[in-house]
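If you want the building blocks of each chain, they are given just below.
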Amino acid sequence: MIELDLSGKTALVMGVANARSLGWAIAEQLLAAGAKVAFSYQGERLKPELEKLTKDYPGTLLQQADATNEDELTALFARVKDEFGGLDALVHSIGYAPREAMDGRFLDTTAADWNTTLSVSAYTLVSLCRHAEPLLREGSSVISLTYYASQKVVPKYNVMGVAKAALEAATRYLAAELGAAGVRVNTISAGPMRTIAARSIPGFSTMYDKAAQVAPLGRNATSQEVGKLALFLLSDLASGITGQVVYVDAGSSVMAMKMD
Ligand code: NAP
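The notes below deal with the structure included here.

**Looking at the site of the ligand**
Move 1: Every one of the 29 residues lining the ligand counts as a neighbour, but S21, L22, R45, M193 and T195 are closest to it.
Move 2: With respect to the ligand, the side chain of R45 contributes an N or O atom lying 2.6 Å from an oxygen atom.
Move 3: Protein chains shield 92% of the accessible area of the ligand, which is 880 Å² for the free molecule.
Move 4: Elements represented by at least two residues in the shell around the ligand include exactly β5 (136-146) and α7 (196-199).
Move 5: Ranked by the residues each element gives to the shell around the ligand, the list is headed by α7, at three residues.
Move 6: Tallied by class, the residues present in the shell around the ligand amount to 17 nonpolar, nine polar and three charged.

**Description of the layout of surface pockets**
Move 1: The calculated volume of the largest pocket comes to roughly 1,100 Å³.
Move 2: Around the largest pocket, the lining is made up of 45 residues, and of these S93, I94, G95, Y96 and A197 lie nearest the centre.
Move 3: For the lining of the largest pocket, the secondary structure elements donating two or more residues are α1 (22-32), β2 (36-41), α4 (99-103), α5 (111-132), β5, α6 (158-178), α7 and α8 (204-214).
Move 4: With three residues, the top contributor of residues to the lining of the largest pocket is α7.
Move 5: Tallied by class, residues from the lining of the largest pocket come to 26 nonpolar, 14 polar and five charged.
Move 6: Estimates place the volume of the second largest pocket at around 480 Å³.
Move 7: Around the second largest pocket sit 26 residues that line it, and Y147, V154, M207, K210 and A211 are the ones nearest its centre.
Move 8: Secondary-structure elements contributing two or more residues to the lining of the second largest pocket are β6 (184-190) and α8.
Move 9: The greatest single-element share of the lining of the second largest pocket, amounting to six residues, is contributed by α8.

Calculation notes
- Residues numbered from 1 in each chain as written.
- Predicted model: local features only at pLDDT ≥ 70, side-chain atom pairs only at ≥ 80, totals over all residues.
- Heavy atoms only, no water.
- Near = heavy atom within 4 Å.
- Polar contact = N/O pair within 3.5 Å; in protein donor to acceptor, adjacent residues only side chain to side chain.
- Areas by Shrake-Rupley, 256 points an atom, 1.4 Å probe, with all protein chains shown as cover.
- Helix = DSSP H or I, 4+ residues; strand = E, 2+ residues; numbered from the N terminus.
- Nonpolar A, V, L, I, M, F, W, Y, C, P; charged D, E, K, R; others polar.
- 1 Å grid on protein atoms, 1.4 Å probe; cavity = no way out; pocket = protein on both sides within 12 Å on 5 of 7 lines; lining within 4 Å.
- Points joined across faces, edges and corners; volume = space filled by probe spheres on them.

Right, dumping it as structure tokens:
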């Protein structure tokens, strides 16, 4: 068994709302491997939950930062620089689409909903990497979370599918530019997981059950499996991997159909 030792390494995880968040599943793996982890959260209402989750890790850095707010990002990365010096791992686990944009027809997507969804769910990866760039070093690794609706139509995913396609393309462009500094950028395509963000997707439970039925493994992947893949991509074990969309979905994305 390979035991990863990330002691002496530093990480920033953005987008933990509660214990079910994929960001938390990733943070748990990083913390278990000995990394020092900082967390940022969108609004002050999330702070008590993060304090509860991180109570066994005294001294954990917690800071409010809306990922679309340049001033808050500047303050966040200045604090991470002061307290950590640099960053070995950056985790973007952020997504948002207005409910009405996923409830109706894709054809009826408004410009405002399109801009909000792509700004929060895709552009923030670019701005986070730009803010983080001075802290990233040879061997540092950036990951985000995407979903297969970027590639194929998933009913109701609508403009979020477009945002995930943008996120995946941005991953490739960022990998191309940051590669010269030895920094890797990848995105994890996770199968459906029961989180707060997922609950806002109309018909999520049906989607969840159908994905499990079609998956070669006969089930859905778990958030712990997302965490393990993240740990791999954030570690030196993945030193040759960048610009990729890496799936952890119990195989459901390889199936065109199932005949039973
Ligand atoms: P989650 O627990 O709800 O996490 C989403 C996080 O994004 C929340 O902490 C949310 O904060 C944060 N966020 C939204 N807008 C933000 C902003 N402007 N600035 C900073 N943070 C912001 O749900 P999750 O499922 O773990 O989502 C994490 C990522 O995984 C997302 O990119 C999602 O699309 C992706 N993903 C999820 C699934 C799934 O089935 N769950 C599958 C594939 C990919 P608030 O709570 O304050 O809004």
